[in-house]
Amino acid sequence: MRRHLLAGRKHQPHELDVVGLQECAAFRGLHVQRGEIHDLTGCGVDECHAGQYGKAGRRCPEARSGRYSRVSHKAQSMPHQARKRTQVIVVAVALAVGAVAVPVAAMFYLAWARAVRDEQEQLAEVAGRVMLRTRRTMDETAQALWALEPLRTAPCSPEHIAQMQAATLNTISVQEMGFFEDDLLKCTSWGITTQTVHQGPIDAITKDGVKLSRDVLSVVRESRPLLAMRYGNHNVLIDPARLVDVVIDPAMQLAVATHAGALLATRNAPDPAQVRHLVGHPGKDLDDSHVMVSTEDGDVVAVVLGPRSRIADDLARQQRVLLPIGVAMGGFMAAGVVWLSRRRLSLSGELAIAIRNREFCVHYQPLIELRTGRCVGAEALVRWQLADGSYVKPDLFIPVAEETGQIVQITEQVIAAVGRDLGAALAADRTLHVAINLSARDLEGERLLGLLDDLTRRGIEPRQVWLEVTERGFVDDGAPRAWLDKARAAGYVVAIDDFGTGYSSLSYLQKLPIDALKIDKSFVDTVGLETVTACVAPHIIELAKELRFMIVAEGVETQAQADYLLAHGVHYAQGWLYAKAMPVEEFLVFANT
Ligand SMILES: Nc1nc2c(ncn2[C@@H]2O[C@@H]3COP(=O)(O)O[C@H]4[C@@H](O)[C@H](n5cnc6c(=O)[nH]c(N)nc65)O[C@@H]4COP(=O)(O)O[C@H]3[C@H]2O)c(=O)[nH]1
């Protein structure tokens, strides 16, 4: 913004103010200190302000204050803008860092979550196989038991023992079968029992009514602790290792437990406490050392634990796939942030915000009838007011707004402001008019004409509204011309602005649909000078008179220029000789003075 404010300025009125005011003060023996004039002689401050910039009795309101407030004002806008820029840059950097960090962190997390999920899925598949194995073992064992109940032979008769032997041999999981009477083992599949053996405590009862007892030892042969399944008077002994006899990674740990948490079978020595925890909370889990999964059916719970280190390999694989995606997303988002912040920092971005926040107001530069010296109207000049109260001059942002098309919204705000500001004054005094600047891009569609009609609904007559269009607005013979014809037909006055600075030749002038011509300041400046272009102003004036246009001279700064223009038949003048653009309240005072 700073660059914009400093570069490409057409006029530098405030700097002229300072120099001029200082010179004037010195001439009159006044003392200038910190932007204020102190009257050491007791007179002359007002004269100095008025004499240098306004004609007698009509002091330029900007000079009247005795301060160079607008000069310092403008200077103050720099730190404000710089602060704003810094804020935007800081926010943009923070967002850009976030834009990269968030997707990369998200991908780290996703890779971790997917690695854990994959591992748990593998464990769940093993748990499913363990459960299937357990179910089959228990089911076939139960079948063998049910086949002997009720007993159809004499208990422990050779036939009965043969039946038990056959069941033992035919059922792979069964190691031994026994027959109990009055809680005592009477015989087994291997013959009559001579020892006193009681039925052990029951750990669980299946939904089929089979009772389960752990850690039972065979009385017939030496064995490790077995799992007893009992139904009626018979029981079978099975090796619990069968329940967990599935192909697994050696690092995995397995367990089959009852719903009460009693371990029926384990493999690779899982921690009983961990197993019991999973029995109580079936599903998937993860702790500092293990990934865990459990699955259940009505009778038992199968638990599988894998070391957490198993995740690492899969994690590295997932990261190889996902991290580049995260980095790409981060880069994309960071680029978006950079693009947005650049846009925000760009003038058009600032303009968009200013339009949304309605930061524009209008100042009015009086238009003087040369013959009478009377104020007969004003040119509405848009001002972009910054948060610190300073203004951005239109030369700085109008070209950008025209380029981007934002000018249409600005013009809409200007027309609305003119209605609010001058509606009553124009309705009360039909000799006053207001000139509104339009850009070529404004001359399309019906919307703006509708807004102008809103002005007339405030009691303003169309002839009191001058539409100032630069030569560019007339270059195109198509839509803009038709638009201007419509506006003229509705009674609005069309003026060609900055005449002579563009493409139009003098002969072209007679073909234009205009009522008034504004002579550009650059030609007014040549009045009375011995320059090559000094002859242009009289030519323009003569032709405009021939074509019966109203003639306005812009940028009149000296009385000599005003005298010359009056002598040559120019009707109106506008310039710092009379007044600069000013807020509406000051203009209304000026117009009535
Ligand atoms: N050095 C000097 N300058 C004088 C003197 N008298 C007037 N000026 C300045 O000359 C410009 C006259 O307006 P313009 O030729 O229409 O030139 C305008 C106009 O082309 C454009 N502009 C201003 N307001 C609007 C608007 O509402 N819409 C559009 N489309 N353009 C606007 O911005 C231009 C610059 O406007 P401003 O900065 O307000 O500058 C104004 C005014 O302050 C003088 O005696 N000496």
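The text that follows walks through the structure, step by step, so that each part is easy to find.

Description of the state of the cysteines
Alright, step 1. Counted under the stated rule, the structure contains 1 disulfide.
Alright, step 2. A disulfide bridge connects Cys 156 with Cys 187, and the sulfur atoms are separated by 2.1 Å. Sign of the S-S torsion, about -85 degrees for the bond between Cys 156 and Cys 187, identifies this disulfide as left-handed. Of this pair, Cys 156 sits in the loop between α5 (69–147) and α6 (158–170) while Cys 187 sits in strand β4 (residues 184–188), placing them 31 residues apart in sequence. Judged on exposure class, the residue Cys 156 and its partner Cys 187 are both buried.

Observations concerning the pairing of strand β10 (residues 253–258)
Where a strand is regular, its side chains alternate between the two sheet faces.
Alright, step 1. With 6 of 6 residues buried, β10 lies mostly within the body of the structure.
Alright, step 2. By the alternation rule, side chains of β10 split into Gln 253, Ala 255 and Ala 257 and Leu 254, Val 256 and Thr 258, which are all buried.
Alright, step 3. In the sheet, β10 pairs with strand β14 (residues 300–307) via 6 bridges, with the strands oriented antiparallel. Bridging across to β14, Thr 258 finds its partner in Val 300.
Alright, step 4. Where β10 hands over to strand β11 (residues 263–267), the hairpin turn is made up of 4 residues, of which Gly 261 adopts a positive phi near 100 degrees.

Side note on the pattern of salt bridges
Alright, step 1. On inspection of all chains with the given rule, the structure shows 27 salt bridges.
Alright, step 2. Across the pair Arg 214 and Asp 203 runs a salt bridge, and its minimum N-O distance is 3.3 Å. With a gap of 11 residues between them, Arg 214 in strand β7 (residues 211–216) and Asp 203 in the loop between β5 (191–192) and β6 (204–205) connect regions that are remote in the sequence.
Alright, step 3. With a relative accessible area of 31%, Arg 214 lands in the partly exposed category.
Alright, step 4. The class for Asp 203 is partly exposed, based on a relative accessible area of 28%.
Alright, step 5. Taking the shortest distance from any N to any O, the salt bridge between Lys 545 and Glu 542 comes out at 3.3 Å. Of this pair, Lys 545 and Glu 542 are both found in helix α16 (residues 536–546), 3 residues apart, which corresponds to roughly one turn of the helix.
Alright, step 6. Looking at Glu 542, the relative accessible area reads 39%, which means it is partly exposed.
Alright, step 7. Here the residues in one salt-bridge network are Arg 117, Asp 118, Glu 121, Asp 314 and Arg 317, joined through shared partners.

A word on the site of the ligand
Alright, step 1. If you check the shell around the ligand, you find 23 residues, and the closest are Glu 379, Asp 395, Glu 554, Glu 557 and Trp 576.
Alright, step 2. Within the side chain of Asn 437, an N or O atom sits 3.2 Å from an oxygen atom of the ligand.
Alright, step 3. Take Glu 554: an N or O atom from its side chain is 2.9 Å from an oxygen atom of the ligand.
Alright, step 4. Protein burial of the ligand: of its 780 Å² of free accessible surface, 93% is covered by the chains.
Alright, step 5. Of all elements in the fold, only β16 (374–385), α10 (394–404), α11 (407–428) and β20 (493–499) reach the threshold of two or more residues within the shell around the ligand.

Notes on the sheet that holds β14
Alright, step 1. An order of β11-β10-β14-β13-β12 is seen for the 5 strands of this open sheet, with the pairing classed as antiparallel. Two strands in the sheet have a free side with no partner beyond their single neighbour: β11 and β12 (284–286). With strand direction ignored, the average angle separating the axes of adjacent strands in the sheet is 15 degrees.
Alright, step 2. Looking at chain direction, β12 and strand β13 (residues 290–296) are connected through 3 bridges and run antiparallel. Paired with Asp 285 across the bridge in β13 is Met 292.
Alright, step 3. This element, helix α7 (residues 272–280), spans β10, β11, β12, β13 and β14 of the sheet and lies at about 125 degrees to β14.

Remarks on unusual backbone geometry
Alright, step 1. For the bond from Glu 149 to Pro 150, the omega torsion is -5 degrees, close enough to zero to count as cis.
Alright, step 2. Among the structural elements, Pro 150 can be located in the loop between α5 and α6.
Alright, step 3. We note that Asp 183 has phi near 70 degrees; this positive angle belongs to a residue other than glycine.
Alright, step 4. Structurally, the position occupied by Asp 183 is in the loop between β3 (174–181) and β4.
Alright, step 5. Unusually for a residue other than glycine, Ala 269 sits at a positive phi of about 50 degrees.

The rules behind these values
- Residues numbered from 1 in each chain as written.
- Predicted model: local features only at pLDDT ≥ 70, side-chain atom pairs only at ≥ 80, totals over all residues.
- Heavy atoms only, no water.
- Disulfide = S-S within 2.5 Å.
- Helix = DSSP H or I, 4+ residues; strand = E, 2+ residues; numbered from the N terminus.
- Buried < 20%, exposed > 50% of the residue type's maximum accessible area, 1.4 Å probe, protein only.
- Pairing = 2+ DSSP bridges.
- Salt bridge = Lys/Arg side-chain N within 4 Å of Asp/Glu carboxyl O.
- Near = heavy atom within 4 Å.
- Polar contact = N/O pair within 3.5 Å; in protein donor to acceptor, adjacent residues only side chain to side chain.
- Areas by Shrake-Rupley, 256 points an atom, 1.4 Å probe, with all protein chains shown as cover.
- Axes fitted to C-alpha atoms, helices over the stretch in contact; angles between N-to-C directions.
- Contact = heavy atoms within 4.5 Å.

Geometric values such as these leave the question of function open.
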